[in-house]
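Below are the chains, spelled out letter by letter.
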Amino acid sequence: MNLAAVRAIYLFEMARWGRTLMQSVLSPVLSTSLYFVVFGAAIGRRISEIDGVPYGAFIVPGLIMLSVLTESISNGSFGIYFPRFTGTIYEVLSAPVSPLEIVLGYVGAAATKSIILGLIILATAALFVEVRVLHPFWMLSFLVLTAASFSLFGFLIGIWADGFERLQVIPMLVVTPLTFLGGTFYSLSMLPPFWQTVSMFNPIVYLVSGFRWSFYGVADVGIATSLAAIAGFFVLCLVVAWWIFRTGYRLKA
Amino acid sequence: MTRIISISGLSKTYASGFQALKDINLDIHRGEIFALLGPNGAGKTTLISIICGIVTPSQGTITVDGHDIVRDYRHTRGLIGLVPQELSTDMFETPWATVSFSRGLFGKARDPAVVERVLKDLSLWDKRDQRIMTLSGGMKRRVLIAKALAHEPKILFLDEPTAGVDVELRKEMWALVRGLREQGVTIILTTHYIEEAEEMADRVGVVSKGELIVVEDKARLMKKLGKKELTLHLASPLAAIPEALATRGLTLNGDGSRLVFTYDRQAERTGITALLSDLSAAGIRFTDLDTSESTLEDIFVGLVRSAP
Ligand SMILES: Nc1ncnc2c1ncn2[C@@H]1O[C@H](COP(=O)(O)OP(=O)(O)OP(=O)(O)O)[C@@H](O)[C@H]1O
Ligand SMILES: [Mg+2]
């Protein structure tokens, strides 16, 4: 194991992020505050509580997931796409590092950033509403697993993409709609039965549900199902990553 | 002389179907400076990229320090430093950060002293905390060299190190390369400049259209360079070289209007005087004469042109 290399990639990526720290921290704080003003205040006045949880507090886990998901994908994809775009990837490819080490460095850094972001949003939310975390261990587990899976997913997008537009396509056309339809701002039980069934095919439902359970002990689907879904997604991404490196897909001519 | 790199039966066909390398066989000796010459698109960068692990070979095997570059990539890549042809650098980083990164990437423990020495050797010390995008092209190239040297490689690949570099910097680079060779580093460089190969290399390989057409000691190539040609423009064309001059190794050119005599400039007796007196004895008159010497350039152009 070339730990020095993992460390080098990880720290390099974190340093790049550190240079724009103000942006990285300010924008989630700002957007979270806006969500609370708009959704919490406006809608919350009409829906006082869901499943026994005040509406403002109810949306906190979903909000965190929403940001962690999108941020993980964008960090993960940008981290590997940028060196491909500038050509500096040559160095990583010519270095004595294994695919696993490359993934650990890039995806590890991307995941770390979005975990930090998730915690910042949590702290911001706590300023507006009373947030309880019933199962802190599971809360962190879900957070880490989600950040890692979707950073890895982003990494795969970053390898697949051959232009900046492509980098945006999947997050914009697939992930954002799924997140909004994934029970972020409502409980599935509020939907007509048909849409409840459709929602069962939305992987993000399982994430948000499991994450919300770790906060308030209420869930749309079973907690074991949630865990299995996210773990399954993670493994799927790992397999694709392994295939990419084995074949050199889009990395080596 | 021991081999440090051994390439056998190497071919590369890109996904586009284009065959960039055809059955390359080449050994690089430990501690030498090897120059790869060849016109644009010959396959020099492809060859280097395969050895470094950036491009996958289609056929053939390569060993570096006795280890297979695919199976034992950790060992082989750890020995190699690569300075690419393109100026691809992390524009937003500083030389210090990017060189330190390279060292870590190649598995070496952090060592600010080494980074400092490398930056100083490349006259980048003053610029160490400036963003790379604020550096000049020549400085960026030096940053790339510094990155390649950060893990103290045993083999250094320089892909056109002096393209677009001014005379002074070129001399500096030559000095740097010689210094590295003195430390026992094996150097493989590609270049379009014949003069660079002449100046630097111990051996020269010429690549053309994906084939390695010549590999030769520079000294031997230079010997070929020592040859000069004397051309005599005849007053009246000859149908054939006269019997009396048959032993002189002359050739008849331009429909019999020019006699060409090849001689060794460094030889004690060139044979020119004797030739001239033989000519007048045979009654052959000439109106003009000129001499020329074949340069590595001529040899190179001739080789490339005659390659299939
Ligand atoms: N990724 C690729 N896909 C398809 N063809 C390629 C690829 N990379 C290089 N080639 C082709 O392979 C041939 C050799 O290219 P290469 O870059 O090795 O040449 P070179 O000798 O380094 O040339 P130069 O002196 O211009 O740098 C060229 O015809 C080039 O177009
Ligand atoms: Mg080239």
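Parameters and conventions
- Residues numbered from 1 in each chain as written.
- Chains lettered and ligands numbered in written order.
- Predicted model: local features only at pLDDT ≥ 70, side-chain atom pairs only at ≥ 80, totals over all residues.
- Heavy atoms only, no water.
- Helix = DSSP H or I, 4+ residues; strand = E, 2+ residues; numbered from the N terminus.
- Buried < 20%, exposed > 50% of the residue type's maximum accessible area, 1.4 Å probe, protein only.
- Near = heavy atom within 4 Å.
- Polar contact = N/O pair within 3.5 Å; in protein donor to acceptor, adjacent residues only side chain to side chain.
- Nonpolar A, V, L, I, M, F, W, Y, C, P; charged D, E, K, R; others polar.
- Contact = heavy atoms within 4.5 Å.
- Buried area = accessible area lost by both parts, 1.4 Å probe.
- Salt bridge = Lys/Arg side-chain N within 4 Å of Asp/Glu carboxyl O.
- 1 Å grid on protein atoms, 1.4 Å probe; cavity = no way out; pocket = protein on both sides within 12 Å on 5 of 7 lines; lining within 4 Å.
- Points joined across faces, edges and corners; volume = space filled by probe spheres on them.
- Donors = N, O, S within 2.8 Å, 3.2 Å for Na, K, Ca; no water.
- Pairing = 2+ DSSP bridges.
- Axes fitted to C-alpha atoms, helices over the stretch in contact; angles between N-to-C directions.
- Domains from an automatic or database assignment.

This paragraph deals with unusual backbone geometry. Residues and elements named next belong to chain B. Phi is positive for S123, which is not a glycine, with a value near 50°. In this structure, S123 sits in the loop between α4 (112–121) and α5 (137–149). You can call S123 partly exposed: its relative accessible area is 45%. One non-glycine residue, E152, lies in the positive phi region at around 50°.

This next bit is on helix α1 (residues 44–52) of chain B. Within an α-helix, residues lying three or four positions from one another point in the same direction, as the helix has 3.6 residues per turn. Residue and element names in this part refer to chain B. Counting buried residues along α1, eight of its nine residues qualify, which places the element largely inside the surrounding structure. Of all the positions in α1, only K44, T46, L47, I48, S49, I50, I51 and C52 are classed as buried. Positioned one or two residues after α1, G53 has a phi angle of 95°, which is positive.

Taken together, 16 residues lie around ligand 1, and N40(B), K44(B), T45(B), T46(B) and H192(B) are the ones closest in. The site occupied by ligand 1 is bordered by residues of chains A and B. One nitrogen or oxygen atom from the side chain of Y14(B) is found 3.3 Å from a nitrogen atom belonging to ligand 1. T45(B) is positioned with one of its side-chain polar atoms (N or O) 2.6 Å from an oxygen atom of ligand 1. Here the element with the most residues in the shell around ligand 1 is α1(B); it accounts for three residues. Grouping the constituent residues of the shell around ligand 1 by class yields six nonpolar, eight polar and two charged.

Between chain A and chain B, the residue contacts involve 27 residues of the former and 31 residues of the latter. Buried surface at the junction of chain A and chain B, summed over both partners, amounts to about 2,500 Å²; 59% is from carbon and sulfur atoms. Between E101(A) and R74(B) there is a salt bridge, with its nearest N and O atoms 2.7 Å apart. The tally of links from chain A across to chain B stands at nine residue pairs in polar contact (both at pLDDT 80 or more). Counting only elements with at least two residues in the side of chain A that touches chain B, the list comes to α1 (3–18), α3 (55–86), α4 (89–93) and α5 (99–128) of chain A. Take the side of chain A that touches chain B: its biggest share by element is seven residues, from α1(A).

Another point: the layout of surface pockets. Residues and elements named next belong to chain A. Considered as a void within the structure, the largest pocket measures approximately 780 Å³ in volume. If you trace the largest pocket, you find 32 residues lining it, with W17, E71, S74, N75 and F78 closest to the centre. Those elements that place two or more of their residues in the lining of the largest pocket are α1, α2 (21–43), α3, α5 and α7 (164–180). Top element by residues in the lining of the largest pocket is α3. It accounts for eleven residues.

Another aspect to go through is the coordination of the magnesium ion (ligand 2). Surrounding the magnesium ion (ligand 2) are the protein donor atoms T45(B) (OG1) and Q85(B) (OE1), at 1.8 to 2.1 Å. Of this pair, T45(B) sits in helix α1 while Q85(B) sits in the loop between β6 (80–83) and α3 (95–105), placing them 40 residues apart in sequence.

Tallied over the entire structure, the rule returns five cavities of 30 Å³ or more. The volume enclosed by the largest cavity comes to roughly 150 Å³. Lining the largest cavity are 14 residues, and of these F12(A), P83(A), T88(A), Y106(A) and D90(B) sit closest to its centre. Elements with a minimum of two residues in the lining of the largest cavity: α1, α3 and α4 of chain A. Grouping the constituent residues of the lining of the largest cavity by class yields seven nonpolar, two polar and five charged. Approximately 50 Å³ is the volume attributed to the second largest cavity. Lining the second largest cavity are Y90(A), E91(A), S94(A), I80(B), G81(B), L82(B), F106(B), K147(B), A148(B) and H151(B). Secondary-structure elements contributing two or more residues to the lining of the second largest cavity are α4 of chain A together with β6 and α5 of chain B. Per-element tally for the lining of the second largest cavity: the top contributor is β6(B), with three residues. In terms of residue class, the lining of the second largest cavity is built from five nonpolar, three polar and two charged.

Further remarks concern the sheet that holds strand β3 (residues 33–37) of chain B. All names here are of chain B. Spatial strand order, β6-β7-β8-β3-β9-β10: six strands in an open sheet with mixed pairing. The open sheet terminates on both sides in strands that have one partner only, identified here as β6 and β10 (211–217). Adjacent strand axes in the sheet meet at a mean angle of 15°, parallel and antiparallel pairs treated alike. Strand direction decides the pairing type here: β3 and strand β9 (residues 203–208), joined by four bridges, are parallel. The residue of β9 that forms the bridge with L37 is V206. Along the sheet face, α5 touches β6 and β7 (155–159) and points at about 170° away from the line of β6. Packing against the sheet, helix α6 (residues 167–182) makes contact with β3, β7 and β8 (186–191), and its axis sits at approximately 155° to β8.

Tallied over the entire structure, the rule returns 14 salt bridges over all chains. With a shortest N-O distance of 3.0 Å, E152(B) and R103(B) are connected by a salt bridge. Of this pair, E152(B) sits in the loop between α5 and β7 while R103(B) sits in helix α3, and the two are 49 residues apart along the sequence. By relative accessible area, E152(B) is classed as partly exposed at 34%. D202(B) serves as the salt-bridge partner of R181(B), at 2.5 Å between the closest nitrogen and oxygen. Linking R181(B) in helix α6 with D202(B) in the loop between α7 (194–200) and β9, this pair joins segments that are 21 residues apart in sequence. Using a relative accessible area of 29% as the deciding quantity, one classes D202(B) as partly exposed. The structure contains a network of salt bridges with shared partners spanning E13(A), R16(A) and K113(A).

On to the environment of T191(B). All names here are of chain B. Turning to its location among the elements, T191 is positioned in strand β8. With 144 residues separating them in the primary sequence, T191 and L47 have C-alpha atoms 13 Å apart. Sequence-distant contacts of T191, defined by excluding residues within four places in its chain, comprise L36, L37, G38, E196 and A197. A polar contact of 2.9 Å, which involves the side chain of T191, links it to the side chain of E196.

A few words now on the domain arrangement of chain B. Examined at the domain level, chain B breaks down into domain 1 (3–223) and domain 2 (227–294). Between domain 1 of chain B and domain 2 of chain B, the C-alpha centre-to-centre distance is 46 Å.

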